[in-house]
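Architecture at a glance
What follows is each chain in one-letter form.
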Amino acid sequence: MAAEAPPGVERQRVSVVEDDSSVENSSVESEEEEDDDFEFINQGDDEELNTNHCIDQMSRKKKKALLEFRCRVEDSILGNYLIEKPPKSLSQEESIKQRAILKETTLWGIPLLPSKSHEGTDFVLLKFLKAKDFKVNEAFNMLRRTLKWRIEYKTNQIIDEKLCPFVDIENGNNKVFYYNSVDKQGRPLCYHSYEAFKDEKFCRDVFGSQEKFNDLLRWRIQVLEKGIEKLSFKNGGVSSILQIIDLKNSPGPAMKELGMFTKKALLLLQDNYPELIHKNIIINVPFWYYVVHILRSRFLTLKTKQKFVFARSSEVTKTLLKFIAAENIPVEYGGLKRENDKDFSSLDEAAVLKIKGNTTVYVKFPVSEVGLTMVWDFTVVGWDVSYKEEFIPDDEGSYKILLQNQNHHKKRFEDHHIHNYSVRNSFYINEPGKICITIHNPHYKKKTLLYRSKANPTIPMYILFKK
């Protein structure tokens with residue numbers, strides 16, 4: 001929930017003036033309903049919610065498939081053939097030992113033996129069933145291949161490995177594969193940035209030999225395994241990850257090694273991590289990538305293909321808002337989240353307001369108590385508007401203070417060449433009044449404003465200097 005306003009700060013109010021009329025409408029509550037464009041649950045998501053979070057609501061056919069799958073897994077563990085059939089020369093004593101080991105088999109930290117009655121077992125098994133359209137034989141074979149691959153790939157020790165020494169991971173300088181916040185359903189957000197691959201030295205470090213290539217691929221799997229540790233395989237828990245792949249300044253199809261790496265990683269995830277990736281959101285997509293994706297899709301299953309969402313540079317913020325709250329979207333993608341932010345956190349929810357075409361909107365933050373510093377964030381999806389920030393005193397004898405005045409549709413696009421930008425500002429309150437943000441949409445298309453504010457008690461510097 002959003003933090004409560006301190007004493008002296010009234011609840012945020014929004015007043016709207018349409019078509020430059022001088023008549024001010026009645027105040028509108030800040031919790032505006034989101035536009036249909038930002039609806040993030042579709043039919044595919046509903047199915048995931050039903051199968052992953054509420055097994056009791058599954059159809060009879062799916063429940064039957066799950067029961068059959070449970071029996072197959074139980075029998076294969078007790079029969080000592082879960083991963084592969086034991087050799088006939090295996091002694092009885094060795095067979096008993098191997099069966100005891102199989103009984104303790106876990107996947108993603110969840111016991112696989114159904115008779116252990118662990119809450120997460122059914123949720124893990126459902127991942128394989130859903131990936132194979134609830135065909136038990138195919139799901140069972142996929143599970144066996146996954147377990148065998150994990151043994152060969154030594155995934156049980158991958159978390160603690162020191163991989164890719166050329167990336168300063170420990171000091172937080174990893175901008176290739178990293179996690180940052182969660183989506184609207186609480187899923188971890190895993191970002192992939194391909195911009196680093198444009199650096200020749202970096203590419204020599206990761207693609208200089210087959211050993212380095214395998215090291216990078218293993219690092220990619222390590223990042224996924226760390227994300228899985230954030231999941232919760234239980235009723236009402238979050239059991240998938242949302243991936244955001246940024247192709248801004250990507251070197252393109254000319255770098256064959258990067259294409260090979262991407263294809264290899266994608267197939268490993270498809271074959272060994274079923275239904276753990278909720279969506280792959282590809283942003284800042286250049287034209288050439290559509291061609292590459294069509295060719296690469298020949299090796300993907302229909303389930304995997306359906307998980308891709310594409311967004312051109314002008315649609316990045318709008319697309320991300322369908323899945324992620326504005327306060328959890330980084331500012332470089334048009335959201336309000338800043339690194340090491342001392343003013344706001346993800347608990348400070350952003351309000352949403354629609355700006356109709358040819359309309360001026362006023363966002364007001366009234367403050368009746370002095371000695372506070374008002375801090376506010378706001379962004380307009382796609383911008384192409386003009387805005388003004390000012391402090392308006394309650395005393396009619398005092399002067400208004402202009403804080404900022406910008407024609408965003410002229411200046412910002414020239415400076416940044418992008419559609420994603422957010423504004424952060426603050427003002428010390430030394431007399432009662434209100435912060436007023438005026439936004440004018442000169443076009444016929446509707447715009448979406450996202451904003452939030454906070455009042456912080458402040459001791460003026462001159463008082464500190466006197467002491």
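Scoring rules and cut-offs
- Residues numbered from 1 in each chain as written.
- Predicted model: local features only at pLDDT ≥ 70, side-chain atom pairs only at ≥ 80, totals over all residues.
- Heavy atoms only, no water.
- Helix = DSSP H or I, 4+ residues; strand = E, 2+ residues; numbered from the N terminus.
- Expected span 1.5 Å × (residues − 1).
- Buried < 20%, exposed > 50% of the residue type's maximum accessible area, 1.4 Å probe, protein only.
- Contact = heavy atoms within 4.5 Å.
- Axes fitted to C-alpha atoms, helices over the stretch in contact; angles between N-to-C directions.
- Parallel < 35°, antiparallel > 145°, perpendicular 65-115°, else oblique.
- Left-handed = near helix turned anticlockwise from the far one by under 90°.
- Nonpolar A, V, L, I, M, F, W, Y, C, P; charged D, E, K, R; others polar.
- Phe/Tyr/Trp six-rings, centres within 6.5 Å; stacked < 30°, edge-to-face > 60°.
- Lys NZ or Arg CZ within 6 Å of the ring centre and 35° of its normal.

**Observations concerning unusual backbone geometry**
Here N284, not a glycine, exhibits a phi torsion of approximately 55 degrees, which is positive. By secondary structure assignment, the location of N284 is in the loop between β7 (277–283) and α9 (287–296). We note that D384 has phi near 60 degrees; this positive angle belongs to a residue other than glycine. Tracing the backbone shows D384 in the loop between β11 (372–380) and β12 (386–393).

**Here we look at helix α5 (residues 136–153)**
Here α5 is 18 residues long and its end C-alpha atoms lie 25 Å apart, about the 26 Å a rise of 1.5 Å per residue gives. When α5 is considered as a whole, its buried residues turn out to be V136, A139, F140, M142, L143, R144, T146, L147, W149, R150 and Y153. Against the buried residues of α5 lie α2 (60–78), β2 (106–107), α4 (121–131), α7 (210–228) and α8 (256–272). Directly after α5, the chain includes K154, whose backbone phi takes a positive value near 55 degrees.

**Considering the packing of α5 against α7**
At their nearest, the axes of α5 and α7 sit 13 Å apart, and the two run at 120 degrees to each other. Regarding the angle of α5 to α7, the classification is oblique. The two elements α5 and α7 meet at a crossing, and its hand is left-handed. Two secondary-structure elements touch here, α5 through W149, R150 and Y153 and α7 through N214, L217, R218, I221 and E225. Looking at the contact of α5 with α7 residue by residue, the class counts come to four nonpolar, one polar and three charged.

**With respect to the packing of aromatic side chains**
Applying the stated criterion to the full structure yields 23 aromatic pairs. A ring pair is formed by W149 and Y153, whose centres lie 4.9 Å apart and whose planes are at 20 degrees; its orientation type is stacked. Of this pair, W149 and Y153 both sit in helix α5, four residues apart, which is roughly one turn of the helix. With respect to class, W149 is no different from Y153; both count as buried. Where Y178 meets Y191, the ring centres are 5.5 Å apart and the plane angle is 15 degrees; that geometry is what we call stacked. With Y178 in strand β4 (residues 177–182) and Y191 in strand β5 (residues 188–193), this residue pair connects regions lying 13 residues apart in the sequence. On the basis of relative accessible area, Y191 is assigned to the buried category, the value being 1%. Ring pairs connect the aromatic residues F177, Y194, F197, F202, F207, F213, W219 and F261, which therefore count as one cluster. A cation over a ring is seen here: K230 above Y179, with NZ or CZ 5.4 Å from the ring centre. The positively charged end of K263 is found above the aromatic ring belonging to F299, 3.7 Å away from the centroid.

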